[in-house]
Amino acid sequence: MIYPESMQLDALFKNHVSARRKAAEALLNKHQFDAMVINAGAPFTYFADDQDAPFRPTPHFAHWVPTEGPHHLLVVKPGQKPKLNYYFPNDFWHEHQELKKTFWTEEFEIEVFHELPKLYDSLKPIKNACFIGPEIKGVDLKSFALNPMKMINPLNWDRSYKTDYEVHCLKEANRIGAKAHHRAYEIFASGGSERDIYYGFVEACHATENELAYKPIIALNEKGAILHYTNVRDFKPGSSMLIDASARFQHYNSDITRTYVKESGSSEGHKLFAELIKETQKLQLKLCSLIKAGMKYSDLHYKSELFVAETLLQFKFIQGVTAESAVEQGLARAFYPHGVGHMLGIQVHDVGGKQADADDSVPPPQTTNRYLRNLRTIDVGNVFTIEPGIYFIPLLLDPMRKDNNKLVNWSLVDKVIHLGGIRIEDDVLCTPTGHENLTRLFLP
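These notes cover the structure that comes with them. If you're wondering where the values come from, they're calculated on a predicted model, not measured in any experiment.

## Side note on the packing of aromatic side chains
Inspection of the entire model under this criterion finds 16 aromatic pairs. Look at Tyr165 and Tyr252: their rings are 6.2 Å apart centre to centre, the planes differ by 90°, and that puts the pair in the edge-to-face class. Of the two residues, Tyr165 sits in helix α5 (residues 164-189) while Tyr252 sits in strand β10 (residues 252-253), which places them 87 residues apart along the sequence. Comparing Tyr165 with Tyr252, the two get one shared label, buried. Ring centres of Tyr297 and Phe384 lie 5.2 Å apart, and the angle between their planes is 80°; on these two criteria the pair is classed as edge-to-face. Placement of the pair is Tyr297 in helix α8 (residues 297-314) and Phe384 in strand β12 (residues 383-386), with a sequence separation of 87 residues. Residue classification places Tyr297 among the buried positions, given a relative accessible area of 0%.

## Overview of the sheet that holds strand β15 (residues 426-431)
Read from one edge to the other, the open sheet built from 3 strands follows the order β12-β15-β16, with strand pairing classed as antiparallel. Each edge of the open sheet carries a strand with a single partner, namely β12 and β16 (434-437). Strand after strand, the sheet turns through a mean of 40° between neighbouring axes, direction not considered. Alignment of β15 against β16, held across 4 bridges, turns out to be antiparallel. Directly across from Leu429, in β16, lies its bridge partner Glu436.

So, how was this worked out
- Residues numbered from 1 in each chain as written.
- Predicted model: local features only at pLDDT ≥ 70, side-chain atom pairs only at ≥ 80, totals over all residues.
- Heavy atoms only, no water.
- Phe/Tyr/Trp six-rings, centres within 6.5 Å; stacked < 30°, edge-to-face > 60°.
- Helix = DSSP H or I, 4+ residues; strand = E, 2+ residues; numbered from the N terminus.
- Buried < 20%, exposed > 50% of the residue type's maximum accessible area, 1.4 Å probe, protein only.
- Pairing = 2+ DSSP bridges.
- Axes fitted to C-alpha atoms, helices over the stretch in contact; angles between N-to-C directions.

This is how it looks when you write it as structure tokens:
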């Protein structure tokens, strides 16, 4: 469901915080803590410099409180309304966000502090508590259990099950990101450079780069074979574009990738690459259709490798081998080296993907792909990405070429290697009946 704008966030958020309180109280009682303090975090200052890195709050803090800025403290006690000790300094050097009544403020008891020492003094009466987040310089935390894993693991696990509020935020992040993807394609199609496309994408998100989900990957031509390419060249025009870029809403991230090729290309390699993009789109949607609760994510990844191998055989990039054998021999991985996806939420590569249970007491399923970030059994409420790809990466292909590997059709590879690679990525929610694709709601 896409919630209409007339349905304010406060009702969704009220239920979200209610779920947070219920889970936290059960956890505190289980481990016999009287309170949990979650720190929003502090700015990180670059070494030998007086400039700070762009600030993002501690993810566990953001799970409760959708506000900006550092140093805030959230105090959670069983049976009590959560208390937010909000930091708003008297400061003429920097602007700080003044706290105003909004959709989330009614769910907290709020006290505003203008001075850090007084804010930190508010911790002194709290006893028998755990502290979640980075250590606070100058504050004695000896009376706290600092980031105990018996609390961290269940908190990570809990974040992998999204409430209706979180799904709404993720859909909004996808809507904004999709709008910017449309704009990026228009600039690419008209001959723009990576830099032109980058600025167009950021503008369409109505954000600064620091407000995006992550630094955009906008790769023209051969740069599409670099999985995390983040330079922005003035080179133009490009024949192909791989764009992995997205937006953020109330601290929740989308993660969207598409690959395009110019319609005007007439070479054999150009036409082949265009057909390969269409086939990868089909492959990606086929993987999405397999999603169901109870399925191992590692099994879904194996299916993705198998589908990639079948596509490579179909297009004759590999030959003389079955799809199953191409996967077993690692041949398919030379064209598709990464995992099929990862958990998604407050962090783009969200937590809990390698836990098999809330306490992390059971080892997760094993995989031969060390880059697979999600080893979970898929469950209702999980949100994750599905992002298969087919790439022509010289670093991975050259050793096989040097060994004269006859399973690879090198003449065909050479026709498309200058176009880089293909990745199609959507964000999906596991539902009781299968899945909901949060990206395809807004971007084909």
